[in-house]
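Fold and contact review
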Amino acid sequence: MTSLIQILEQIREAGVPGHPEARLLAVSKRQSADAVAALAAQGQHAFGENYVQEAIAKREALAALDLEWHLIGHLQSNKAGLAARSFDWIQTVDRPKLVTELARHREPAQPPLNVLIQVNIDAEASKHGCPPKQAAELARQIATEPALRLRGLMAIPAPHPDMAHRREAFQRMKSLFDALHRSHPRIDTLSMGMSEDFALAIAEGATMVRIGTALFGARPAPGE
Ligand SMILES: *Cc1c(COP(=O)(O)O)cnc(C)c1O
C-alpha cells in the first residue's frame, strides 16, 4: 500500500512532457466510507465504484464532502435509472440501450452526465465493453443526447503477464481515442491503467488512471 502523495508522485513521473498530468481516480470498491473519507481528507476528490447500491450508500454517508463519483463496473439496464441520477460519471457505457436509458433518467436539474464508452480492446469473450469498431456509432448516439456529455473512452485490457502485450492494448486504445477526437474534438478523457500498470498506461496516453489496491491495500473479500 502506497501513500496518496507517493502515487501522485509516480503519476507525475510517468507523465509525458507537454501533456496534462493524468487524473487519479481512487477505486474504493469494497472499501469503507471511512477509508474514502480518510483519502478525501488528504485532498483526493474523485472515487470509482463498481456496484450501484454500494456507491449510493457511500455517497450518502459522505454527502458533506462533495466528492465526484464514477461508476466503473458493468451497468445492467434495469439499474440505469438509478445510476443516471446517482453518479457524476459513468465509465462503462457499451451499448445503445444504455445510452437511451441514461439520458431518459438523468434529472433535468442535474448537470449533464459525463460518460465514457467502454471498449473491449482485447476482444475477450467474458468481458463487457463494445467492440472497437462500434465506438464511433455509440459516440454519435451519445452526442445527440443533451442530458449526456461524451468525455472519451475507457478500457480494462486483459491482465496479461507480459507487459509488452498490455502496452500494445494501450496503444490501440490511444489510436482509437485519437480517431474519435477528430469527430468529437471536445473529448478529453482516456481512462486506462490500474495499480499494476498505470505508469505504462500514462506513457501510452492515459489521461485518467483507476487505482485501488495500490492506494487502499488489498480489498476485503465480498461479504466481509
Ligand atoms: C477494481 C478496478 C480497478 C482498480 O484495480 P486495482 O488493481 O485494485 O488498482 C480499476 N478499474 C476497474 C474497472 C476495476 O474494476
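Below is a summary of the structure that appears in this document. If you're wondering where the values come from, they're calculated on a predicted model, not measured in any experiment.

What follows deals with the site of the ligand. In the vicinity of the ligand, 13 residues are found, and the nearest of them are Lys 29, Ser 195, Gly 212, Thr 213 and Arg 219. At a separation of 2.9 Å, a nitrogen atom of the ligand approaches a polar side-chain atom of Arg 210. Gly 212 is positioned such that a nitrogen or oxygen atom in its backbone is 2.8 Å from an oxygen atom of the ligand. For the ligand, whose accessible area on its own is 390 Å², the fraction buried by protein is 88%. When the residues that make up the shell around the ligand are grouped by side-chain class, the tally is 6 nonpolar, 4 polar and 3 charged.

Next up on the list: the packing of aromatic side chains. Within the structure shown, the criterion is met by 1 aromatic pair. Summarising the aromatic geometry, the rings of Phe 47 and Trp 69 are spaced 5.9 Å apart at their centres and angled 35° between planes, so their arrangement reads as tilted. Of this pair, Phe 47 sits in strand S2 (residues 46–49) while Trp 69 sits in strand S3 (residues 68–71), placing them 22 residues apart in sequence. Like Trp 69, Phe 47 is buried.

Its identity is not glycine, yet Arg 30 carries a phi of approximately 65°, on the positive side. Residue placement: Arg 30 occurs in the loop between strand S1 (23–27) and helix H2 (33–41). For Arg 30, a relative accessible area of 27% gives the class partly exposed. For Asp 66, which is not a glycine, the phi torsion comes out positive at approximately 55°. The topology assignment puts Asp 66 in the loop between helix H3 (52–61) and S3.

Membership of the largest hydrophobic core comes to 61 residues, with the highest contact counts inside it found for Phe 47, Leu 75, Ile 90, Leu 102, Ile 117 and Leu 215. Here this core takes 5 residues from helix H7 (residues 163–183), the largest share from any one element. Apart from the residues within four sequence positions on either side, Ile 90 is in contact with Leu 71, Leu 75, Ala 83, Leu 102, Leu 113, Asn 114, Val 115 and Leu 116. Formed by 8 residues, the second largest nonpolar core is a distinct cluster that contains Val 27, Ala 46, Leu 116 and Met 154.

When two helices pack together, you describe them by how their axes are tilted relative to each other and by the distance separating the axes. For the pair helix H5 (residues 96–105) and helix H6 (residues 135–143), the least separation of the axes is 10 Å and the interaxial angle reads 15°. Taken together, the axes of H5 and H6 are roughly parallel relative to one another. As H5 packs across H6, the resulting crossing turns out to be right-handed. Along its contact with H5, which presents Pro 96, Val 99 and Thr 100, the element H6 presents Leu 138, Gln 141 and Ile 142. The class makeup of the residues in the contact of H5 with H6 is 4 nonpolar, 2 polar and no charged.

Analysis parameters
Residues numbered from 1 in each chain as written. Predicted model: local features only at pLDDT ≥ 70, side-chain atom pairs only at ≥ 80, totals over all residues. Heavy atoms only, no water. Near = heavy atom within 4 Å. Polar contact = N/O pair within 3.5 Å; in protein donor to acceptor, adjacent residues only side chain to side chain. Areas by Shrake-Rupley, 256 points an atom, 1.4 Å probe, with all protein chains shown as cover. Nonpolar A, V, L, I, M, F, W, Y, C, P; charged D, E, K, R; others polar. Phe/Tyr/Trp six-rings, centres within 6.5 Å; stacked < 30°, edge-to-face > 60°. Helix = DSSP H or I, 4+ residues; strand = E, 2+ residues; numbered from the N terminus. Buried < 20%, exposed > 50% of the residue type's maximum accessible area, 1.4 Å probe, protein only. Core = buried A, V, L, I, M, F, W, Y, C linked by side-chain atoms within 4.5 Å. Contact = heavy atoms within 4.5 Å. Axes fitted to C-alpha atoms, helices over the stretch in contact; angles between N-to-C directions. Parallel < 35°, antiparallel > 145°, perpendicular 65-115°, else oblique. Left-handed = near helix turned anticlockwise from the far one by under 90°.

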